[in-house]
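Spelled out, the chains give:
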Amino acid sequence: MPNYRRNFVAGGCYFFTVNVLERQRTLLTDHIDLLRDAVRRVKRLYSFHIDAWVVLPDHMHMVLTLPPDTDDFPVRLRLMKLLFAKQRIAAHRTSIGHAP
């Protein structure tokens with residue numbers, strides 16, 4: 001895995017590209033409602049401002065600005081990914097007739 005240099009700046013503006021594991025899949029656009037909900041939920045827990053957001057079938061780009069008192073962008077991104085994945089699994093189970 002590459003050793004990326006990460007700058008942690010309180011109140012900073014950060015650009016992210018997030019890819020799905022299987023690049024041929026269209027998970028993000030097929031389940032855009034779940035993705036939006038995951039981002040909203042994280043935003044309620046950990047404040048940030050979305051300056052720009054582009055969602056494509058297999059990856060997304062996001063520019064976000066943190067509040068002046070924090071530089072903890074990894075927790076926000078990690079929770080977005082986690083909540084989206086959990087919601088996707090629950091939705092899949094429900095659609096095939098299993099209890100969530």
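Here the structure is a predicted model, which means the values were calculated and not measured. (Residues numbered from 1 in each chain as written. Predicted model: local features only at pLDDT ≥ 70, side-chain atom pairs only at ≥ 80, totals over all residues. Heavy atoms only, no water.)

Caption draft 1: A look at the packing of aromatic side chains. In total, this model carries 4 aromatic pairs according to the counting rule given. Aromatic pair Phe 8 and Phe 73: ring centres 5.0 Å apart, planes at 15°, arrangement stacked. Of this pair, Phe 8 sits in the segment before β1 (13-19) while Phe 73 is found in helix α3 (residues 73-95), placing the two residues 65 residues apart along the sequence. For Phe 8, a relative accessible area of 42% corresponds to the partly exposed category. Taking the relative accessible area as the measure of exposure, Phe 73 reaches 7% and is therefore buried. Summarising the aromatic geometry, the rings of Phe 16 and Phe 73 are spaced 5.5 Å apart at their centres and angled 50° between planes, so their arrangement reads as tilted. Here the residue Phe 16 occupies a position in strand β1, and Phe 73 occupies one in helix α3, the gap between them amounting to 57 residues. (Phe/Tyr/Trp six-rings, centres within 6.5 Å; stacked < 30°, edge-to-face > 60°. Helix = DSSP H or I, 4+ residues; strand = E, 2+ residues; numbered from the N terminus. Buried < 20%, exposed > 50% of the residue type's maximum accessible area, 1.4 Å probe, protein only.)

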